[in-house]
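Structural overview for review
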Number of protein chains: 2
Amino acid sequence: MKIAIDAMGGDHAPKAQIEAALQAAAQWPDTEFILVGRPEALQPHFVGGLPKNVTVAKAAEVIEADDEPVRAVRRKTGSSMVVAGRMVKEGAADAMISAGNTGALMATGLLVVGRMPGIERPGLAPMLPTLDDVGVLALDLGANMDAKPEHLLQYALMGSLYRQKAHGMAQPRVGLLNVGTEAAKGNELTKEAFELFENAPIRFVGNVEARDVLDGVCDVLVCDGFSGNIMLKAIEGAAGAIFKVLRQELTSTWKSKLAAAILKPGFGRVRKKMDYNEYNGAPLLGLNGLVVKGHGSSDSRAMLTAIKQTRTALSGGLIEAIKGEFSGK
Amino acid sequence: MKIAIDAMGGDHAPKAQIEAALQAAAQWPDTEFILVGRPEALQPHFVGGLPKNVTVAKAAEVIEADDEPVRAVRRKTGSSMVVAGRMVKEGAADAMISAGNTGALMATGLLVVGRMPGIERPGLAPMLPTLDDVGVLALDLGANMDAKPEHLLQYALMGSLYRQKAHGMAQPRVGLLNVGTEAAKGNELTKEAFELFENAPIRFVGNVEARDVLDGVCDVLVCDGFSGNIMLKAIEGAAGAIFKVLRQELTSTWKSKLAAAILKPGFGRVRKKMDYNEYNGAPLLGLNGLVVKGHGSSDSRAMLTAIKQTRTALSGGLIEAIKGEFSGK
C-alpha cells in the first residue's frame, strides 16, 4: 500500500508532514510513504536518514493558501499537490494526503485524479466531534455548492460505505441535515432527497436538525456543500465565541482566576471534546483513488491521525466498495 | 397605537402574556393592548381588574404547538392567533405578537394579514446575540425555504429599514451569509445576490462567514430560510453541547465543584450573553402590518421585550417606510 503525502501544504509544512510520515513508517512497516515536495526544503528534516518505506518524490512548485484553486492546479503542474494527485491517477500511489489549500485539493481531485465512473459530484467528508465521542461523518461540507437530490443520495451511499470500511461500523445510521425532523420539512432539495433516501439501501434515520448533530444522533450526516459549510462554521464560531467570553469572565477578578486555575484541566478536556483535529483527515469521496484533506493547522499528531484513517480505509477496501456500488449505474 | 397579543400561544401562556401586557400598559399609557384569547382562561389572571388601555378580544379556539400550520390557520378561524391576525388585517390593531406555533404564525401572516404589495416573500427576522452586545438582525431564518436572489435583496432592504426604524441605526451594515468572504464564493443564489446587493441602496459590507456572525461584523445578516435556520440551530446546538460538557467537568470532583461555585456568576453572564430571549421578538417582515414572533418559551420579561421592540418599530414608522420602499416596484 502506497500513500503520497503533500509535504509542502499546511501551516506546519514540511516539518509536521515529515515527522508524521516517519512515525507512520515505523508503526506500519507494510506501508510505503512518499513525501512529495522540494528536496531542498525536505532534506534538513531527515536527520538520521530515511527508513526503507519512506521515499521522496520531487516537486519543484508549491500551491499557496491564497492561490486561486482551479488556476493554481492548471498552471502549477509541478506543484507538490498536483504531483501527488498524478501519482494517485497513475497508480503510483493508492491515496494522497494534503493539508494545503482546500479548494486546490478539490480541484486536484476533480481535474487530476478524476471522478469515479457513475459519481456526479465528489463530496468532502470530514468527521465532526460528538458528545458521545463516536463522531459523525458529514458530507458534503464544501465541494459541491449547488447539489441536486441525486448528489445527496450518492453522498449517503458513499458516506455509509466509508463508515463501514474505515471505521468498522456494520450499519451506520444516515441522517439528512434539515430544518425540522418531520418528513415534509425543508427545501425542495431535502424534500426530494428524503424520498430517495427512504428507498435506498442505507439505514436512513430521517431528518436531523443542526442542533442535534453534536449529540451523535447519526453516524453519517448528509447535506449540500453550502448549508453543510454554514453549519460547520457556525459550530466553530459559537464554540470560539463561548470560550472567548468564558476567558474574559474567568480572568476578571483574582478569585475567579484562582478558581479558573483549578478548573484548567477540565476546560482543556472540554476543548478537546470539541477539537476537530482529533478526527483529522477528511476524505474527498467519489474519486478514482483516495484523496484526503488534512486540516490546514495540522501538527504532526494531526497528520498521523489523517494517515491512520487513510490507511484503514484503504485496507478495508473502500475504493473497491464504492466502485462496486456505482459501477454500471 | 394598538398592539394585539395572542394570549394563548407559548409555553407560559396566558400568564406570561397577561403579566407582560399589564406591565407594558403601565409603562406606555399611550398604547392600547388587546389580549386575544378565551375569556375563561384569561379571567383568573386579572386580579385587580384591567387598566383602561388593556382590553380583551374573545377567541374561542387555540392553535397548538403540534398543529399542522397551514391547516390549523385555515380551520381554526376562531383561534387567538387568527383573530389577532384578522385585527391587523382590518386595522383594528397595528401589530400582533404571538409566542405560539411558528409555522402557524407565518401562515397567519401570509394567509390572514397578507403580503405587502411589491414583496414576494416575507422573511422572519430574529435578533441574534453578538459578543459586542449590539446583536445582529438575521433574515430570513425560516419563512422562505427556497429563496431567489430577488428575495434576498428584499430582505436586505427590509432588514436595513428595520434596524433604522426599530433600533435607530443610521447606516446599518448589511452582510450576506456565505461560505467565504471573497465575492466569487458561494452557490448560485449567493453569487447572484452579491451582485444585486452591490447595486442596492444599502451599506453592503460583503460576504460574511457563519463563524464571524457572533463577532458582530454586520448589523443585518441576509440568508435564505434554509441555511439561516441551519446556522441558528448549529449555534444553539454548539452552545448547548459546550455547556453540557462544562457542567459534567465542573461537577466531577469536590475541588471542581467548589471552584465552579465561585465562578457561577461568571457562567451566568456567559449564558446571558448567548441568550436569545434578551432580544425577544422576531418581526415577520413584508406583511400588511407588523407580525412579531415571540420565543415559545417566553416568560413575562421576554414578552415585555417583544412588546417594547414592536412598539418602537411602530412609532418609528417601519411599515410606512417599507411600503414607501416597495410601492410601485
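Quick caveat: nothing in here was measured; it's all calculated off a predicted structure.

Cut-offs applied
- Residues numbered from 1 in each chain as written.
- Chains lettered and ligands numbered in written order.
- Predicted model: local features only at pLDDT ≥ 70, side-chain atom pairs only at ≥ 80, totals over all residues.
- Heavy atoms only, no water.
- Domains from an automatic or database assignment.
- Buried area = accessible area lost by both parts, 1.4 Å probe.
- Salt bridge = Lys/Arg side-chain N within 4 Å of Asp/Glu carboxyl O.
- Polar contact = N/O pair within 3.5 Å; in protein donor to acceptor, adjacent residues only side chain to side chain.
- Helix = DSSP H or I, 4+ residues; strand = E, 2+ residues; numbered from the N terminus.
- Least-squares fit on C-alpha atoms with pLDDT ≥ 70 in both.
- Contact = heavy atoms within 4.5 Å.
- Buried < 20%, exposed > 50% of the residue type's maximum accessible area, 1.4 Å probe, protein only.
- Pairing = 2+ DSSP bridges.
- Right-handed = clockwise from strand over helix to strand, strands pointing away.

**Things to note about the domain arrangement of chain A**
All names here are of chain A.
- Along its sequence, chain A is organised into domain 1 (1-119 + 286-329) and domain 2 (121-279).
- Measuring from the centre of the C-alpha atoms in domain 1 to the corresponding centre in domain 2 gives 25 Å.
- Carbon and sulfur atoms make up 66% of the area that domain 1 and domain 2 hide from each other, which totals about 1800 Å².
- Interface area lost by domain 1 to domain 2 is led by Met 106, Gln 309 and Phe 326, which between them contribute 26%.
- Applying the counting rule to domain 1 against domain 2 returns zero salt bridges.
- Across the domain 1-domain 2 interface, the total number found is three residue pairs in polar contact (both at pLDDT 80 or more).
- Of all the secondary-structure elements, those providing two or more residues to the side of domain 1 that touches domain 2 are helix 5 (102-113), helix 10 (300-315) and helix 11 (318-326).

**Notes on the relation of the copies chain A and chain B**
- It takes a turn of 180° to lay chain A on chain B, together with a shift of 0.0 Å along the axis; the resulting RMSD is 0.0 Å. In the structure described here, the two chain copies are related by an operation that fits a two-fold rotation axis. Residue Ala259(A), judged by its C-alpha, is the member of chain A lying nearest the rotation axis, at 2.3 Å.
- When you check the interface residues of chain A against chain B, 100% turn up at the interface there too, and the contact is symmetric in its surfaces.

**Focus: the pairing of strand 9 (residues 203-209) of chain A**
Residues and elements named next belong to chain A.
- For strand 9, the buried fraction is high: five of the seven residues fall into the buried class.
- As paired strands, strand 8 (residues 173-178) and strand 9 are joined by six bridges and run parallel to one another. Across the sheet, Leu 177 pairs through a bridge with Val 208, a residue of strand 9.
- The parallel pair strand 8 and strand 9, bridged by helix 7 (residues 188-198), forms a crossover whose chirality is right-handed.

**A few points about the sheet that holds strand 2 (residues 32-37) of chain B**
Residue and element names in this part refer to chain B.
- In space, the seven strands of this open sheet follow the order 3-2-1-4-12-11-5, with mixed pairing throughout. Among the strands making up the open sheet, the edge pair consists of strand 3 (54-58) and strand 5 (123-124).
- Pairing of strand 1 (residues 2-6) with strand 4 (residues 95-98), which is carried by three bridges, proceeds in the parallel orientation. Looking at the pairing, Ile 5 lines up with Ile 97 of strand 4.

**Topic: the interface of chain A and chain B**
- Facing the 48 residues of chain A at the interface are 48 residues of chain B.
- For the pair chain A and chain B, the two sides together bury roughly 4300 Å², of which 77% comes from carbon and sulfur.
- By the criterion of area lost to chain B, the three top residues of chain A are Phe226(A), Lys233(A) and Ile242(A), representing 15% of everything that side buries.
- At the boundary of chain A and chain B, one finds seven salt bridges.
- Note that Glu209(B) and Lys233(A) form a salt bridge whose closest N and O atoms lie 2.5 Å from each other.
- Joining chain A to chain B, the criterion identifies 11 residue pairs in polar contact (both at pLDDT 80 or more).
- Put simply, the parts of the chain that give the side of chain A that touches chain B at least two residues each are strand 8, helix 7, helix 8 (225-250) and helix 9 (254-273) of chain A.

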